[in-house]
Amino acid sequence: MGNYRKLWIGLAVLLVSSFAVLLWAGGEIFRAATPVPEQVVSEDGEVVYTRADIERGRQVWQSIGGMQLGSIWGHGGYVAPDWSADWLHREAVAVLDLWARAEGGTGWAELPAAGRAALQGRLQEMMRRNTYDPETGTVTLPRDRVQAIAGVAAHYESLFGSDPATAGLREAYAMKEDTVHDAGYRRALTAFFWWTAWAATTERPADAEAALAEAGVVPQRVTYTNNWPSEPLVGNRPAAPLWAWSAFSVLFLIAGIALLGWHHAVSHDREERGHAIPSQDPFSAARITPSMRAVAKYFWLVLALFLVQILLGAITAHYQVEGQDAYGFALSEILPYSLSRTWHTQLSVLWIAVAWLGTGLYIAPLLSGHEPKFQRFGVNFLFVSLIVIVVGSFAGQWFAVMQKLGLEHNFWFGHQGWEYADMGRFWQWCLFVGLLLWVALVGRALWPVLRSRENETRHIVGLLFLSTTAIGLFFASALMWGEHTHISEVEYWRWWLVHLWVEGFFEVFATAVMALIFTRLGLLKTSTATVAVLFATIIFMAGGVLGTLHHLYFVGTPTAVVALGASFSALEVVPLAYIGFEAYQTWKHGKATPWMARYRWPVMFFIAVSFWNLVGAGLFGFLINPPLSLYYMQGLNLTPLHGHTALFGVYGMLGIALVLFCLRGLRGQMAWDTGALKVSFWCLNIGLARMAALTLLPLGTMQLLAAIEHGYAYARSAEFMQQPVVDLLVWMRVPGDTIISVGALALAWFVLRLWVAPRREVLPAAAGTEQA
């Protein structure tokens, strides 16, 4: 008991201190955020843009899909350009060409090297100089720059309309014709894009540097986005802190692995010996309550969402080849790329989340043996609510992207434009209330265990309930921003949702659920499992909370935040270095007794989780996490390489494993079609590996080399992305996507047969076993 108390105290101290630092970092981010000027004027007083233009342009950008159509400051989609980098490059080239023609040349690129260098130096001095006056809220620009802005704005107004002159680019960017119907809205959109590019090339003022110096941080002459993106023309290159903290992150990683290795070496033999394993499956005699039976429909919904998500993924990937069509059909007029990608990314979270919600509702009465009054009604009500939320939010997003909703209703009922937080605010509130209902349903079923001092598993159950509560409450981070909240602040809270909610507390929930499953099966001693789960939670959260900051290097954050993010994101990878031990222990559990053959395929999916944790979250995660790496890789195809292999490989496989464990209880007396499960397991894993190895990794590497050599804008440009070799790499996704689809269909067929054409399993009377 004393050992448990120390672990609980350690976890509490860790969480309190980590969140205190995370909140402090948020304050620093808000303080250092890029100012939004009241007006942008030329040197002779002509108004170029106003704050109202910039804010209205952001509303327009959000309504057409926002981060799902290209990206801003590196966050978003990958087919269209990063609009910040693209505008910055186009404006720089326009100014250089203007000056070259003024000197009698035909263009900057045709000048001799000395002439190009002279104009480039002049350009850097002009564009990096901060002319924002905080007293009046005015940015003053030279006449030449204003002229260049007008030319770039005309290009964007043409691109987001239906001008035949830019039809080729619209196809390359997978943009539907007339993406923004209203000419005034297109004009406002250019104001927003200009502001994001201005932040990326304008150096922070001296007073901000003085504040950093007072905090003990060496001031650097960097832009509001820490010199991101890489753009040689304006002198954007990695600042010194990015190099330094990237090196330190490697040191922290090595030190963390060494410390964890030492701990494992001195503690791995302390497990209690002589643990007796039950002769029969303890779950086989479990009472299935009405609410537990009602959970089955959650797993049917999981499969439906999973299949639709795969279909939308294939459509989204195909847009990169044909742009606006699907095998000749003008699909973009009905289902534009930004919408297919929105639904694909949202469904990836939704089907996994529903799998875990269903697991919580199933396992709570299973652990306690308690069926609260009206529990089944609550389970059914929550199920209907989830369907209404999905259908309602998706319908609102369609109306928004098709420009049929209107800007005044978009934020609440349409498309917010933030990747993974796209649904309108009304639907977010509905989902938040639904999650609180889920917390209440799980908590009331677990209550007998939580209040019992005699129950050995109450510590693990307590951790399970705390993670359940955190999952419900931390979704509130999606409600922390408003329609006009500064982007840097939105990004701060959005990554609380994406990183802490999905990657943090769901991870703790899954760890506790797995421990409870194996203890209830009698494969682990409760005392051993309790210590292991609490220790694993401490190790994971040590890097996980402050590791959130590695997503925020280039959204207007000060250097101190970069340092924290680099250090603690490295620690996130530390426990994954020993993931092989977890896989081996899981494999041992699967072989511990003959009746564990019943759980062979759930165990196999658990082992797959360990593999993808190492590869997707570990190797590919650390590939992009250090500041210097992410400076060049953010928004390139190495980012979805990590995203796909971590989200689907880890959380998706874990969701499937949990579903199969629950189904073993719900339909445990029915014969399992293990052939379908075998096909599903290998197809899902092989398909994911093919997608990663044959498309995302080589394409991302090509883009990385292009970004280092020529600048970020080129690596995301139509010129680069429309090369034949890129088309070939995208087409090479087809076999992997097809294999994944076969795996998903096999899983759906397996579940369907459990209800539509079930066969009762014949058990050997003596051994009490069942064939896998």
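The sections below set out a description of the structure shown in this document.

Rules and cut-offs
- Sequence order as written defines residue numbering, which begins from 1 separately in each chain.
- At least 70 in pLDDT is required for a residue's local features to be given in this predicted model, at least 80 for side-chain atom pairs to be given and counted, and no such filter applies to totals for whole chains, interfaces and linings, which use all residues.
- Just so you know, side-chain values use all the structure's heavy atoms and leave hydrogens and water out.
- The rule is short: rings of Phe, Tyr and Trp, with Trp giving its six-membered ring, pair when the centres are within 6.5 Å, and they are stacked under 30 degrees, edge-to-face over 60, tilted in between.
- Distance and angle both matter: a charge sits over a ring if NZ of Lys or CZ of Arg is within 6 Å of the ring centre and within 35 degrees of the ring normal.
- Whenever a carboxyl oxygen of Asp or Glu lies within 4 Å of a side-chain nitrogen of Lys or Arg, that contact is scored as a salt bridge.
- Labels follow the DSSP assignment, with helices taken as runs of H or I lasting at least four residues and strands as runs of E lasting at least two, numbered in each case from the N terminus.
- Here's how the labels work: a residue is buried when its accessible area is under 20% of the maximum for its type, exposed when over 50%, partly exposed in between, all with a 1.4 Å probe on protein chains only.
- Contacts are residue-level and defined by heavy atoms, with any inter-residue pair within 4.5 Å sufficient.
- Whenever a nitrogen or oxygen atom comes within 3.5 Å of another N or O atom, the pair is scored as a polar contact, on the condition that within protein one atom can donate a hydrogen and the other can accept it, and that pairs from neighbouring residues in sequence are kept only if both atoms are in side chains.
- Side-chain atoms within 4.5 Å link the members of a nonpolar core, which is a set of buried Ala, Val, Leu, Ile, Met, Phe, Trp, Tyr and Cys residues.
- To estimate the expected span of a helix, count its residues, drop one, and scale the result by 1.5 Å.
- Between any two strands, at least two bridges found by DSSP are needed for them to pair.
- Fitted lines through C-alpha atoms give the axes, limited to the stretch in contact for helices. The angle between two N-to-C directions lies from 0 to 180 degrees.

1. Looking at the packing of aromatic side chains
Tallying each qualifying case throughout the model produces 55 aromatic pairs. In textbook terms, an aromatic cluster arises when at least three aromatic residues are bridged by ring pairs, as seen for Trp61, Trp73, Trp83, Trp87, Tyr156, Phe160, Tyr173, Phe192, Phe193, Trp195 and Trp418. Positioned above the aromatic ring of Trp99 is the side chain of Arg122, whose terminal nitrogen or guanidinium carbon lies 3.8 Å from the ring centre. Stacked on the ring of Trp755, the Lys or Arg Arg667 has its end atom at 4.9 Å from the ring centre.

2. With respect to the pattern of salt bridges
By the definition in use, this model includes 16 salt bridges. The salt bridge involving Arg90 is made with Asp86; its shortest N-O contact spans 3.0 Å. Here Arg90 pairs with Asp86, and both are found in helix α3 (residues 83-102), just four residues apart, close to one helical turn. Look at Asp86 and you get buried, because its relative accessible area is 10%. What you see here is one network of salt bridges that share partners, running through Glu38, Arg51 and Glu55.

3. Some thoughts on the environment of Thr530
With respect to the secondary-structure elements, Thr530 resides in helix α18 (residues 526-544). Residue classification places Thr530 among the buried positions, given a relative accessible area of 1%. C-alpha separation for the pair Thr530 and Leu233, spaced 297 residues apart in sequence, amounts to 57 Å. Residues within four places of Thr530 in sequence aside, it is in contact with Tyr4, Glu456, His459 and Ile460. Here Thr526 takes part through its backbone oxygen, which lies 2.7 Å from a polar atom of the side chain of Thr530.

4. Concerning unusual backbone geometry
Omega for the peptide link from Trp228 to Pro229 comes to 5 degrees, which places this bond in the cis form. Looking at the secondary structure, you find Pro229 in the loop between α8 (206-214) and α9 (240-267). At Ala174, a position not held by glycine, the phi torsion is positive, near 60 degrees. Along the chain, Ala174 turns up in the loop between α6 (167-172) and α7 (183-201). On the basis of relative accessibility, which here comes to 2%, the residue Ala174 falls in the buried class. Even without being a glycine, Asn227 presents a positive backbone phi close to 70 degrees.

5. Things to note about the nonpolar core
The biggest cluster of nonpolar side chains holds 245 residues, and the ones touching the most others in it are Trp83 and Phe160. With 22 residues, helix α17 (residues 487-520) is the largest single contributor of residues to this core. Counting six residues, the second largest nonpolar core, distinct from the first, contains Leu253, Leu260, Ala570 and Val573.

6. Regarding helix α28 (residues 733-756)
The end-to-end C-alpha distance of α28, which contains 24 residues, comes to 34 Å, matching closely the 34 Å that a straight helix rising 1.5 Å per residue would cover. Among all positions in α28, only Arg733, Gly736, Asp737, Ile740, Gly743, Ala744, Ala746, Leu747, Ala748, Phe750, Val751 and Leu754 are buried. Contacts made by the buried residues of α28 are with α11 (296-322), α23 (638-666), α24 (674-710) and α27 (724-731).

7. Some remarks on the sheet that holds strand β5 (residues 132-133)
The four strands are arranged β2-β1-β6-β5 in an open sheet whose pairing can be described as mixed. Bordering the open sheet on either side are β2 (47-50) and β5, each of which pairs with just one other strand. Sheet analysis places strand β1 (residues 39-42) next to β2, joined by three bridges and oriented antiparallel. Opposite Gln39, over in β2, you have Thr50 as the bridge partner. Packing of α7 onto the sheet brings it into contact with β1, β2, β5 and β6 (138-141), and relative to β2 it is tilted by some 90 degrees.

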